[in-house]
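# Working through the structure, step by step
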Amino acid sequence: MAKEKFTTLKSQAVPLPIENIDTDQIIPARFLKATTRDGFGENLFRDWRFNNDDSPKADFVLNDKKYSGQILVAGKNFGCGSSREHAAWAIADYGFRVVISSFFADIFKNNALNNATLPIQVSDEFLKKIFATIEKDAKTVITVDLESQKVTLADGSSESFDINPYKKTCLTNGYDDIDYLLSLRDEIRSFELTR
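Below you will find a few notes about this structure. Remember, predicted model here, so these are calculated numbers, not experimental data.

Reading the values: the criteria
Residues numbered from 1 in each chain as written. Predicted model: local features only at pLDDT ≥ 70, side-chain atom pairs only at ≥ 80, totals over all residues. Heavy atoms only, no water. Helix = DSSP H or I, 4+ residues; strand = E, 2+ residues; numbered from the N terminus. Rg over C-alpha atoms; globule rule 2.2 N^0.38 Å. Buried < 20%, exposed > 50% of the residue type's maximum accessible area, 1.4 Å probe, protein only. Contact = heavy atoms within 4.5 Å. Lys, Arg positive; Asp, Glu negative; His and termini not counted. Charge placed at Lys NZ, Arg CZ, Asp CG, Glu CD. Salt bridge = Lys/Arg side-chain N within 4 Å of Asp/Glu carboxyl O. Pairing = 2+ DSSP bridges. Axes fitted to C-alpha atoms, helices over the stretch in contact; angles between N-to-C directions.

A word on the overall build of the protein chain. When you go through the protein chain residue by residue, the secondary structure sums to eight helices and eight strands. Computed over C-alpha atoms, the radius of gyration of the protein chain comes to 18 Å, within 12% of the 16 Å expected from 2.2 N^0.38 for 195 residues, which places it in the range of a compact globule. Referenced to the eigenvectors of the C-alpha coordinate spread, the extents of the protein chain come out at roughly 65 × 45 × 25 Å. Looking at the protein chain as a whole, 44% of its 195 residues qualify as buried. Here the analysis covers contacts within the protein chain between residues at least 6 apart in sequence; of these, 65% occur between residues at least 24 apart. In the protein chain, 25 side chains carry a positive charge and 29 a negative one; their mean positions are 2 Å apart.

In structure tokens:
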């Protein structure tokens, strides 16, 4: 199913400066009973967000009203652990369009891209700068330009990021893999007619 097109995103960000966040922390295994992608956002970081009585933990960043936005900024090695695609579903369902880190587990990175969430890998130094910028001003806006493959902070400092060209095409057009193939329908027909 096609998703919203991604070209440029200007948003505040939610800082989560914890390294080695694994997929079980992103979405605990006990919530993996559904087979559709809906509803996983309510249990994103469940054990960090809520007490045993389901009351919100005041000191967790997603429960802090000063932070909001469609960008999650996380510590190094985000999405490690199991290969569960539900982790990407939970991030997207919560409303994050972008996750920025200095390193992603490969499977999580691909799962995120397959679910219209852009994982952006930046240098350790730039990640520290992003965290410092958010700490100084929680309302700071970060610009993600997919066309130029650049993340820019409010002070004008920026860093480029890599993305697979195929996945970039899919994101900028709002395609999943099937939509991409359907976009080539005329070319496929032409090819078949010449054989």
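Moving on from the coordinates now.
Considering all chains together, one arrives at eight salt bridges under this definition. Here Asp124 and Lys76 are joined by a salt bridge, their closest N and O atoms 3.6 Å apart. Placement of Asp124 in helix H5 (residues 124–136) and of Lys76 in the loop between strand S3 (71–74) and helix H3 (86–94) is noted, with a sequence separation of 48 residues between them. Asp177 is the partner of Lys167 in a salt bridge, and the nearest nitrogen-oxygen pair spans 3.7 Å. Here Lys167, found in helix H6 (residues 165–173), pairs with Asp177, found in helix H7 (residues 177–183); they are 10 residues apart in sequence, far enough to count as distant.

Moving on, we get to the sheet that holds strand S7 (residues 150–152). One open sheet holds the four strands; their spatial order is S1-S6-S7-S8, and the pairing between them is antiparallel. In the strand order of this sheet, the two ends are held by strand S1 (8–11) and strand S8 (158–160), each with one partner. Strand-to-strand twist in this sheet, taken as the mean axis angle between neighbours without regard to direction, amounts to 10°. Across three bridges, strand S6 (residues 142–145) lies against S7 in antiparallel orientation. For Asp145, the partnering residue across the bridge sits in S7 and is Lys150.

Moving on, we come to the sheet that holds strand S5 (residues 118–121). Each strand in a sheet pairs with another by means of backbone hydrogen bonds, the pair being arranged parallel or else antiparallel. Reading across from one edge, S2-S3-S4-S5 is the order of the four strands in this open sheet, with parallel pairing throughout. The open sheet terminates on both sides in strands that have one partner only, identified here as strand S2 (13–16) and S5. Between one strand and the next, the sheet's axes are offset by a mean angle of 20°, whatever the strand orientation. Alignment of S3 against strand S4 (residues 98–101), held across three bridges, turns out to be parallel. Residue pairing across strands places Leu72 opposite Val99, the latter belonging to S4.

Relative to S6, S1 is paired through four bridges, and the arrangement is antiparallel. Its bridge partner being in S6, Lys10 is matched across the sheet by Thr143.

Phi is positive for Asp54, which is not a glycine, with a value near 70°. Residue placement: Asp54 occurs in the loop between helix H2 (46–49) and S3. Residue classification places Asp54 among the partly exposed positions, given a relative accessible area of 48%. Although it is not a glycine, Ala116 sits at a positive phi angle of roughly 60°. Within the secondary structure, Ala116 sits in the loop between helix H4 (106–114) and S5.

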